[in-house]
Structures are given as structure tokens and as C-alpha cells.
Amino acid sequence: ARTVQEMSSLTRQAGYGRSVLPGVADRYFRLERHIVAQPTAIAAGFAILVVTHGHVRTYDSTIELPSGSTAIVPHAGGPLRLEGSGEILVCRPPAP
């Protein structure tokens, strides 16, 4: 069983940006949350992209991602540029 203090260290208000999870989770995986309202760049690196609401597309319009879509982003693809309007989650492996 965990104490209330231990449980509190494992939770926090979700924000936007680099990682919305507590720092202790970084050794397992990272989760970024981004608003796409203008062209948005996602750093290079393997990731699973989840569109939680709205409709986004790659900057060159080759891939359309409506709400509920998921996509795997290979590291070799370099930075990912998105445009449209929506919210995305970017799931990444542990921090190096």
C-alpha cells in the first residue's frame, strides 16, 4: 500500500508541453500534450501520436489525422510538422 504522500508524488495537473506526467514516469515513458492551432513542430524521435480532438494534418498535407486517429512516427522521419486545429498526445519511450 502507498501513503497519501507517495500517491501525491505520482499525480499532477495535466499541462501542455514536454511531459504531462510526473518526472518519475520518465524512466518508463513520456507523454507530451500539444495544442495545434498554427503550424506546430514536434521534435524528432520515435513516437505514437494520438489526436484527442480536432483535425490535424502533416505540413505537406500527405497525412490527414481526424479526432481519434493514431500514427506511428519513426525517428528517421526527423521533426514532424503539423497544422490544422486540435489537440494531440505524443507518447515517447523513456528519456535517454
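Please refer to the structure higher up on the page.
None of these values were measured; they are calculated from a predicted model.

Caption draft 1: View of the overall build of the protein. Along the protein, the regular secondary structure elements total 1 helix and 6 strands. A total of 96 residues make up the protein; the buried ones form 33% of that total. Look at the contacts in the protein between residues 6 or more apart in sequence, and 64% of them connect residues 24 or more apart. Within the structure as shown, the protein displays about 6,100 Å² of accessible surface, and the carbon and sulfur contribution to it stands at 59%.

Caption draft 2: Fine view of the side chain of T40. Examined against the element boundaries, T40 turns out to sit in strand β2 (residues 40-42). Note on T40: relative accessible area 14%, which makes it buried.

Caption draft 3: Seen up close, the nonpolar core. Residues V36, I42, A47, L49, V51, V56, L65, V73, L80, L82, I88 and V90 constitute the largest nonpolar core, which totals 12 residues. For this core, the secondary-structure elements that each account for two or more residues are β3 (47-58) and β6 (80-92). Sequence-distant contacts of V73, defined by excluding residues within four places in its chain, comprise G45, F46, A47, L49 and L80.

Calculation criteria
- Residues numbered from 1 in each chain as written.
- Predicted model: local features only at pLDDT ≥ 70, side-chain atom pairs only at ≥ 80, totals over all residues.
- Heavy atoms only, no water.
- Helix = DSSP H or I, 4+ residues; strand = E, 2+ residues; numbered from the N terminus.
- Buried < 20%, exposed > 50% of the residue type's maximum accessible area, 1.4 Å probe, protein only.
- Contact = heavy atoms within 4.5 Å.
- Areas by Shrake-Rupley, 256 points an atom, 1.4 Å probe, with all protein chains shown as cover.
- Core = buried A, V, L, I, M, F, W, Y, C linked by side-chain atoms within 4.5 Å.

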